[in-house]
Amino acid sequence: MKSRYSIALVLILLGTLFLLNNLFYLNLSVVKILLAIGFISFGIILLSGRKISGFGDGTLDNAETIMFGSAKSHARAGKMQETFTTIFGERTILMERIDTTEKHLFVNSYFAECTLLIPKDMPITIHGKAVFGEVNMPDGNEVNFGDRKYSNQAEPNAPSVTIHAVAVFAALKCRLI
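In what follows, the accompanying structure is described. Because the structure is predicted, anything quoted here is derived from the model rather than measured.

**A look at the side chain of K103**
Now for step 1: Considering the arrangement of structural elements, one finds K103 in strand β7 (residues 103-110).
Now for step 2: Residue K103 is classed as buried on the basis of its relative accessible area, which comes to 1%.
Now for step 3: Excluding residues within four positions of it along the chain, K103 makes contact with R76, K79, M80, E82, I98, S160, V161 and T162.

Here you go:
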């Protein structure tokens, strides 16, 4: 367990050093900055103790974080809150297994492509945020920089599934099925 934290701290330190070196000398190389952000992200994920999958393809129902791989995941019934993070990968999230009670689903996409498949009759509210990426809403609207809200509910206070979608240098598509 200690080696995991040591590796995480070393990765965060290396990423921070690369980033500071590039920023203060103003010799901005996109590859070096992306590498630094990757080191920092991976170190933070290791420190947080979250489940990490990647380097392969397949269906991973319980993986919170996918790195450098692709997966088909299912949002689970009975959980009030779920988080799906994809870094340098591809993921499809199916929502047909969940009920329509109050639920919060956090979908984070960094340098990746995610598709969220939502049943047509499910009441949803989507809070989409993008930074140099895009979040496509079911109605065809999208946000590329900033935030946008989408809701298919007739009553604003009715129970629904709330999706918090974040795309950073990524594409996140919300589709009705």
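**Notes on a nonpolar patch on the surface**
Now for step 1: A cluster of nonpolar side chains, contributed by V131, F132, F145 and F169, occupies part of the molecular surface with about 430 Å² of accessible area.
Now for step 2: Residue classification places F169 among the partly exposed positions, given a relative accessible area of 41%.

**Structural notes on the pattern of salt bridges**
Now for step 1: A full pass over the atoms with the stated rule returns two salt bridges.
Now for step 2: Where E82 meets K103, a salt bridge forms, and the shortest distance between an N and an O atom there is 3.2 Å. One end of the pair, E82, is in strand β5 (residues 81-87); the other, K103, is in strand β7, with 21 residues separating them in the sequence.
Now for step 3: Owing to a relative accessible area of 3%, E82 belongs among the buried residues under this scheme.
Now for step 4: Here K173 and E113 are joined by a salt bridge, their closest N and O atoms 3.3 Å apart. Of this pair, K173 sits in strand β14 (residues 171-176) while E113 sits in strand β8 (residues 113-118); the two residues are 60 residues apart in sequence, bridging distant segments of the chain.
Now for step 5: Overall, the relative accessible area of 34% leaves E113 in the partly exposed class.

**Concerning the packing of aromatic side chains**
Now for step 1: One pass over the full model with this rule turns up four aromatic pairs.
Now for step 2: Plain terms: the ring middles of F88 and F111 are 5.0 Å apart, the flat faces sit at 10° to each other, and that makes the pair stacked. Of this pair, F88 sits in the loop between β5 and β6 (90-94) while F111 sits in the loop between β7 and β8, and the two are 23 residues apart along the sequence.
Now for step 3: With 5.1 Å between their ring centres and 0° between their planes, F111 and F169 make a pair best called stacked. Of this pair, F111 sits in the loop between β7 and β8 while F169 sits in the loop between β13 (161-168) and β14; the two residues are 58 residues apart in sequence, bridging distant segments of the chain.
Now for step 4: Grouping aromatic residues by their ring pairs yields a cluster made of F88, F111, F132, F145 and F169.

Rules of the game
- Once a new chain begins, its residue numbering starts again from 1 and follows that chain's sequence as written.
- Local features in a predicted model are, by the rule used here, given only for residues with pLDDT of at least 70; side-chain atom pairs are given and counted only at 80 or more, and totals for whole chains, interfaces and linings are based on all residues.
- Note that the side-chain values use all heavy atoms of the structure and ignore hydrogens as well as water.
- Secondary structure elements are taken from DSSP: a helix is a run of H or I of four residues or more, a strand is a run of E of two residues or more, and numbering for both begins at the N terminus.
- When accessible area is computed with a 1.4 Å probe and restricted to protein chains, residues below 20% of their type maximum are described as buried, those above 50% as exposed, and intermediate ones as partly exposed.
- Residues are treated as being in contact if the distance between any of their heavy atoms lies within 4.5 Å.
- Residues form patches when they are more than 30% accessible in relative terms and have no salt bridge. Like charges link within 9 Å. Nonpolar side chains (Val, Leu, Ile, Met, Phe, Trp, Tyr) link within 5 Å.
- In these tables, accessible area is a Shrake-Rupley quantity obtained with a 1.4 Å probe, and a residue counts as shielded only by the protein chains included in the view.
- We define a salt bridge as a contact between a side-chain nitrogen of Lys or Arg and a carboxyl oxygen of Asp or Glu at a distance within 4 Å.
- Stacked, edge-to-face and tilted labels apply to pairs of Phe, Tyr and Trp rings (six-membered ring for Trp) whose centres lie within 6.5 Å, assigned for plane angles under 30 degrees, over 60, and everything in between, in that order.

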